[in-house]
Every structure is written in C-alpha cells, then in structure tokens.
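Coordinate inspection notes
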Amino acid sequence: MTTLSDYLQQAETTSEVSSVITTIAEVGRDITALLRRGALADILGEAGNENIQGEAQKKLDVIANDMLLDALTGNNHCAGVASEELDHATPANNKGSLLVLFDPLDGSSNIDINMAVGTIFSILPYNNVGNVAADSDFLQNGDAQLAAGYLLYGASTMLALTVGNGVTMFSLDPDSGEYVLVSENIRIDKDTSEYAINSSNHRYWLAPMQQYIDELVAGDAGVRGRDFNTRWVAAMVGDVHRILCRGGIFMYPFDTKYANKAGKLRLMYEANPMSFLIEQAGGASTDAVKRIMSIEPNDIHQRVPVVLGSENEVLRVQTIHNEHNQS
Ligand code: AHG
Ligand code: MN
Ligand code: MN
C-alpha cells in the first residue's frame, strides 16, 4: 500500500510543493467529513451573498473557501492564495516560494441534492519572493504550474494529482483517514463515444460548436456514422474524473449567454489545473481552437471556453472551427 505521503517523498517535485499538496489533502478530509454529515452539519443552502462573478454563494462554498484559506495561509511555503470566492488574492508568507489558486467547491448546484462536488487546485511558483503577493503575481500561464489536481467528493473521496510526471489517483480511506494510491500513469484513450455538454445552451453557441454537437446527436444516421452517448455531472470535477477513468470529451464552449465572458469556466482555477491533468494523461485541452495552458492570463477570474478530453474528438472540434474560419 502506498499512501499520499509515501508517494510525495519519492515524487519528482520539491518538498515545498509536497507540503502544500499535503495541506490541501488534509482540508479535503475535513470537507469530506462535513459533506458526510450533510444537512446535519447545517452546511446546505444559500450563504446570502454573491461572489465577484455575481453567483449566489452556497454556505459550503464559503465554508470550504475559509478552510482552504486558513490552512494554506498557515503553510510557510505559501506566498499567497487566490480563490473563486475572493475578489482579490490574499497574501501569505512573503518568503514562501509558491502561490495556490483554488475553486474551493466545484459544482455548487449539486450540494443541496446530495450529488458529487469537488475542490480544484493549481500551484504556481512565486517569482517575487520578499514582496507581498498581489493579483498580478498569479498571472502566469498554465505551463508554469508546478502541480495541480482535484478532490472529488463522490461516493468516495478521491484525489487526482499531477506534479508534471503523469497523473496519479488516491482514494481516501474513511477508516484510517489516509489517502491511498489506487492508480497511476493514467492514460486517456484517443477515441471516445461519450460527450459532456450542457445542451440547453445550444442556441447560444457559435456555429462550429453547434455543427460538432449536431453531428454527435445524429449518430449513425449522420456523418460520424456511429452513435454517441451523453453524460453531464454538472460539476467539472466529476466530468473530468470520468474522462480520466474511461475517456470522453467535456465542453463548456464560448456562448453568447455569458456575453463578454467567453464561456462559464474560469481559466486560472478550473481550466488550467484540469488541462494540466488531462495533458499529463495524454488527452488534449483547448478553448476549441488553441491550447488552454498557453493562454497568457490578464485577470485571476477570467473565463475561457473549454474543450478537453480524448484527443481525436478535441481535434475534431478544432478542425470544424478552422473550417468555419476559412469559409
Ligand atoms: P462552480 O460551482 O465552481 O461555480 O462551477 C460550476 C461549473 C462546473 O463545475 C460545471 O461544469 C458547470 O459549472 C455546470 O454548469 P451548468 O449549470 O451549465 O450545468
Ligand atoms: Mn467550479
Ligand atoms: Mn466553486
């Protein structure tokens, strides 16, 4: 049996990164305990506030955010944190060498219906050691990430992690409280017959995305000549987890519903860490046309269209977009 701490001791990463990952995993254990008690822990329902993105915060969004914020600002290696739920970055130890971004609770709309939610994190180098960390220090592209991962609070709690050398999965043992390694060197098949998208936004998509999905829906009666199946967890963590387990394509494309926002998902603490995992497992991750991890960010809360998963389907989306742009 290999535990997370065994794994981190021999992983190709620094002791500082290992320490921050350990801190996040410990908070994941505490969030798991709250979720297991559910309604009994008084964690369901609205918090009564909105975050910077104008979304109503759930109680558990705020609780999970505060737990991660407290734990990470208490870790000496952490120079600052940025969260979906906080307008600006929070500086921590200015002698620390790392920055952490997180989506404390992904899939908030699932909380009240007792369905899967998650936590997503991204660890970046701090290039301004000795000075107080500010938003601008976080504006590094996805390729700068030192580590990334998510905690999935599903039927069991799982941690998927990359430090840039493949993807490793751990399962939280509810008896011992240890994260135990359950799979490594995860690989995503290049081909898939399973896709995830919120189809209710069809009329807001651009023509190439409508064409791609229409081809999948047409199945063996259309140009693809075979049937496809839909799955939608409504928590990106759950959909990405399924893709790491058995392939698939996940999309939250550009749509005119989120005017001037380029889609729904956030680059820095949703798209980049998930892209790092997907690429490390041999999949592809784009904004429909170009690689997400190459995007130079200009705002810690900026949104980005997301098309990720099995390589050949991601390429098919890209090809259709290129064909439309040429015509
Ligand atoms: P969050 O709960 O952190 O705001 O993120 C929710 C995101 C993502 O997890 C999921 O894929 C998507 O929103 C679901 O969107 P729909 O409401 O369109 O299903
Ligand atoms: Mn989210
Ligand atoms: Mn969230």
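On a predicted model such as this, the values are computed, not experimentally measured, just so you know. By convention here, each chain's residues receive numbers from 1 onward along its written sequence. Chains carry letters from A onward and ligands carry numbers from 1 onward, assigned in written order. Totals for whole chains, interfaces and linings use every residue, but because this is a predicted model, local features are given only for residues with pLDDT of at least 70 and side-chain atom pairs only at 80 or more, for both listing and counting. By convention in this description, side-chain values take in all heavy atoms of the structure and omit both hydrogens and water.

1. Some points on the coordination of the manganese ion (ligand 2)
Coordinating donors are taken as N, O and S atoms within 2.8 Å of the metal, stretched to 3.2 Å for Na, K and Ca; because water is absent from the atoms, sites can appear incomplete. Looking at the metal site, the manganese ion (ligand 2) is ligated by Asp 103 (OD), Asp 106 (OD) and Glu 270 (OE), spaced 1.9 to 2.1 Å from it. We note that the donor set of the manganese ion (ligand 2) lies within a single chain, spaced as D-x2-D-x163-E. A separation of 3.7 Å is found between the manganese ion (ligand 2) and the manganese ion (ligand 3), both of which receive a donor from Asp 103. Separated by 164 residues along the polypeptide, Asp 106 in strand β5 (residues 98–106) and Glu 270 in helix α6 (residues 267–280) bring together distant segments of the chain. For helices the rule is a DSSP run of H or I covering at least 4 residues; for strands it is a run of E covering at least 2, with both sets numbered from the N terminus onward.

2. Things to note about the domain arrangement of the chain
By convention here, the domain bounds are inherited from an automatic or database domain assignment. Taken as a whole, the chain is organised into domain 1 (4–183) and domain 2 (194–326). Relative to domain 2, the C-alpha centre of domain 1 lies at a distance of 23 Å. We call two residues contacting when some pair of their heavy atoms lies within 4.5 Å. Counting residues at the interface gives 49 residues for domain 1, matched by 32 residues for domain 2. Buried area is calculated as the accessible area (1.4 Å probe) missing from two parts once they are joined, with the contributions of both summed. A buried area of about 2900 Å², summed over both sides, lies between domain 1 and domain 2, and 64% of it is on carbon and sulfur atoms. For the domain 1 face of the interface with domain 2, the top three residues by lost area are Gln 53, Leu 139 and Tyr 150, together amounting to 19%. Here Glu 84 and Arg 266 are joined by a salt bridge, their closest N and O atoms 3.0 Å apart. Under this definition, polar contacts are N or O atom pairs within 3.5 Å; protein pairs additionally need one hydrogen-donor-capable and one acceptor-capable atom, and for neighbouring residues in sequence, both atoms have to be side-chain atoms. Between domain 1 and domain 2 we count 14 residue pairs in polar contact (both at pLDDT 80 or more) in total. When residues of the side of domain 1 that touches domain 2 are traced back to their parent elements, those giving at least two are β3 (78–83), β5, β6 (117–125), β7 (147–153) and β8 (157–162). Salt bridges, as used here, are contacts in which a Lys or Arg side-chain nitrogen is within 4 Å of a carboxyl oxygen on Asp or Glu.

3. Some remarks on the sheet that holds β7
With respect to topology, eight strands assemble into an open sheet ordered β4-β3-β5-β6-β7-β8-β9-β10, the strand pairing being mixed. Each edge of the open sheet is held by one strand with a lone partner, namely β4 (90–91) and β10 (179–183). Only strands joined by at least two bridges in the DSSP assignment are considered to pair. Bridging between strand β9 (residues 168–172) and β10 involves four bridges; their strand directions are antiparallel. Bridging from a neighbouring strand, Phe 170 pairs with Leu 181 of β10. Running over the sheet, helix α5 (residues 236–246) touches β5, β6, β7, β8 and β9 and is turned about 105° from β7. An axis is simply a line fitted to the C-alpha atoms; with a helix, the fit covers only the stretch in contact. Between two such axes, the angle follows the N-to-C directions and lies from 0 to 180 degrees. Sheet contacts for α6: β3, β5, β6, β7 and β8; angle to β6, the most-contacted strand, approximately 85°.

4. Digging into the layout of surface pockets
Residues are said to line a cavity or pocket when one of their atoms sits within 4 Å of a point; the points come from a 1 Å grid over protein atoms alone, cavities being sets where a 1.4 Å probe fits but cannot get out and pockets being open sets with protein on both sides within 12 Å along at least five of seven lines. Grid points are joined across faces, edges and corners, and a volume is the space filled by probe spheres set on the points. Here the largest pocket defines a volume of roughly 460 Å³. Together, 27 residues line the largest pocket, and Gly 107, Ser 108, Ser 109, Ala 234 and Lys 264 are the ones closest to its centre. Among the secondary structure elements, those contributing two or more residues to the lining of the largest pocket are β2 (56–58), β5, α5 and β13 (249–252). Broken down by class, the residue content of the lining of the largest pocket amounts to nine nonpolar, six polar and 12 charged. In this count, Pro and Cys sit with the nonpolar residues alongside Ala, Val, Leu, Ile, Met, Phe, Trp and Tyr, while Asp, Glu, Lys and Arg are called charged and the others, Gly among them, polar.

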